[in-house]
Amino acid sequence: MIKKTKAEITKCILHKVANKFNSGHNVFSEELIRFDQESYDLMKSFLMKPFGGLTQSYRFSHHADVRLNELNNYASEVFKEESSFIEYSKNMVNHLYEQSNSAQIKTGDVLVVYIEGIEYKDVLTEAVGIFKIENKVDFFQSYLDDNDSFDVVVQKGISTKRIDKGCLILNTSDTEGTVVLSVDNNNYDAQYWIKDFLAVKLADDYNSHTKNYLEMCKEFSEEVIKPELGMHEQGNFLANTVDYFKENEAVDYATFKEEVFEEEKHKEKFDEYKKHFETLNDVLIRNNFDVSGVVLKKEKNKLKTEIKLDTNISIKLDVEAPEAASEYLERGYDEEMKMKYYKVYFNEEK
């Protein structure tokens, strides 16, 4: 979605965000971080890496007027006048603080950065990045003691393996508004970052259409097909769904149902579940849209097509081969053992 080969962090500041629920207080820096080359290279890789594989983007929202969205306003002011960066970085942290309405919201370090040279849709632009570090890791720090001997002490620091929460607000927009990218690796407070702090919604594009449809099919297989027809049929449905997306450049809802379902009652249940899914998740599932190959590749890995048995045996079905389960897997009941069974046909073990 973005290219970062020419990206450069030109401003970076670190603040501490507290928890309003626990009556904490934010702590602010007044000066920008001054990097040496080694720390700059490490910081740039640490902050930018999570956005390399994103397939979806967001747009700011507001119940009355998107121009009243706090982060939208703060970022816009920074893009207009870079000298206001430190002032508005504090406003961003204060806004984050105001969303901590639960004891489970963690305090942490907040890095606010200004980035130049990000490429989005073949155009170079700027971005304001906001990153929250919630979890520190223990590490040993060696030092020379008073007896001229080396010793170690345990300290806590920021791990460079992954960012907890982060967003990039790009200085570019389309018909839906300002482009926002986000990552959140802590799922305990999903509402807090995306809905409360950023106040964004998924862009209405073929990436989100593909993701929403596949998520709906995944949930339908889990909540309807699996309880009624079993894991075998659940695996068949998911495999046939992936097969349809692979063979078609665009999805047509009516055609999808005709190819994936044999019985009319299952088509009707799918219609009912579509309405339920839209209401529950506050999304609109498009009846016609282009397939995003990148999203399909990513989402199909989340589709579980494994039959787990109570005898500590699992049968993993290949979601890429929808015909395999029906051709080479047979389900039955053994009267002598008084147990169900699966018979698997194969030529040789791999």
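Keep in mind that what you see is a predicted model, and the values were worked out from it rather than measured.

1. Observations regarding the side chain of Ser100
Relative to the helices and strands, Ser100 is located in the loop between helix H3 (85–98) and strand E4 (108–120). Relative accessible area serves as the criterion here: at 1%, Ser100 is assigned to the buried category. Only 2.5 Å separates the side chain of Ser100 from the backbone oxygen of Tyr97, close enough to count as a polar contact. Discounting residues that sit within four places of it in the chain, Ser100 has contacts with Ala18, Asn19, Lys20, Phe21, Ile105 and Tyr192.

2. Observations concerning the packing of aromatic side chains
Taken as a whole, this structure holds 22 aromatic pairs when the rule is applied. Taking 5.6 Å as the distance between ring centres and 55° as the angle between the ring planes, the aromatic pair formed by Tyr213 and Phe289 counts as tilted. Highlighted residues: Tyr213 in helix H5 (residues 206–229) and Phe289 in strand E12 (residues 288–290), separated in sequence by 76 residues. When its relative accessible area of 0% is taken as the criterion, Tyr213 is described as buried. Seen from their ring centres, Tyr244 and Phe256 are 5.2 Å apart, and the 85° between their planes marks the pair as edge-to-face. Here the residue Tyr244 occupies a position in helix H6 (residues 231–247), and Phe256 occupies one in helix H7 (residues 253–260), the gap between them amounting to 12 residues. Looking at Tyr244, the relative accessible area reads 3%, which means it is buried. Accessibility expressed as a relative area gives 0% for Phe256, which makes it buried.

3. Topic: the pattern of salt bridges
Tallying each qualifying case throughout the model produces 25 salt bridges. Among the ionic pairs, Lys165 bridges to Asp184, the shortest N-O distance being 3.3 Å. Of this pair, Lys165 sits in strand E8 (residues 165–174) while Asp184 sits in strand E9 (residues 177–184); the two residues are 19 residues apart in sequence, bridging distant segments of the chain. Residue Lys165 is classed as buried on the basis of its relative accessible area of 0%. We note a salt bridge from Glu263 to Lys265, for which the minimum N-O separation is 3.7 Å. Sharing partners across several salt bridges, the network here consists of Lys132, Glu134, Lys165 and Asp184.

4. Quick look at the side chain of Thr241
Checked against the element boundaries, Thr241 lands in helix H6. Setting aside residues up to four positions removed in sequence, Thr241 forms contacts with Leu214, Cys217, Phe256 and Val260.

5. Quick notes on a nonpolar patch on the surface
Together, Phe140, Val152 and Val154 make up an exposed nonpolar region whose accessible area comes to about 320 Å². Inspection of the secondary structure assignment puts Val154 in strand E7 (residues 150–158).

6. Looking at helix H1 (residues 37–48)
Along its 12 residues, H1 runs 16 Å from first to last C-alpha, staying within 8% of the 16 Å computed at 1.5 Å per residue. Those residues of H1 not exposed but buried are Tyr40, Met43, Lys44, Phe46, Leu47 and Met48. Packing partners of the buried residues in H1 comprise strand E2 (8–17), E4, strand E5 (123–133), E7 and E8.

7. Quick word on the environment of Gly117
Summarising the element assignment, Gly117 is placed in strand E4. What makes Gly117 buried here is its relative accessible area of 17%. Sequence separation of Gly117 and Ala127 is 10 residues, and the distance between their C-alpha atoms is 8.6 Å. Beyond its immediate sequence surroundings of up to four residues, Gly117 is in contact with Lys3, Lys6, Ala7, Leu124 and Thr125.

8. Remarks on H7
Looking at H7, one finds that the buried residues are Tyr253, Phe256, Lys257 and Val260. Each buried residue of H7 lies within a common arc of 95° when the element is viewed along its axis, so the set occupies one face.

9. What to know about unusual backbone geometry
With a phi angle near 70°, Asp122 is a residue other than glycine that sits in the positive phi range. Here Asp122 is to be found in the loop between E4 and E5. Of note, the phi angle at Ala199 is positive, near 55°, even though the residue is not glycine. Along the chain, the position of Ala199 falls in the loop between helix H4 (190–198) and strand E10 (200–202).

Calculation criteria
Residues numbered from 1 in each chain as written. Predicted model: local features only at pLDDT ≥ 70, side-chain atom pairs only at ≥ 80, totals over all residues. Heavy atoms only, no water. Helix = DSSP H or I, 4+ residues; strand = E, 2+ residues; numbered from the N terminus. Buried < 20%, exposed > 50% of the residue type's maximum accessible area, 1.4 Å probe, protein only. Polar contact = N/O pair within 3.5 Å; in protein donor to acceptor, adjacent residues only side chain to side chain. Contact = heavy atoms within 4.5 Å. Phe/Tyr/Trp six-rings, centres within 6.5 Å; stacked < 30°, edge-to-face > 60°. Salt bridge = Lys/Arg side-chain N within 4 Å of Asp/Glu carboxyl O. Patch = residues over 30% accessible without salt bridge, like charges linked within 9 Å, V, L, I, M, F, W, Y side chains within 5 Å. Areas by Shrake-Rupley, 256 points an atom, 1.4 Å probe, with all protein chains shown as cover. Expected span 1.5 Å × (residues − 1). Arc of directions from axis to C-beta.

As far as function goes, none of this settles anything; it's purely spatial.
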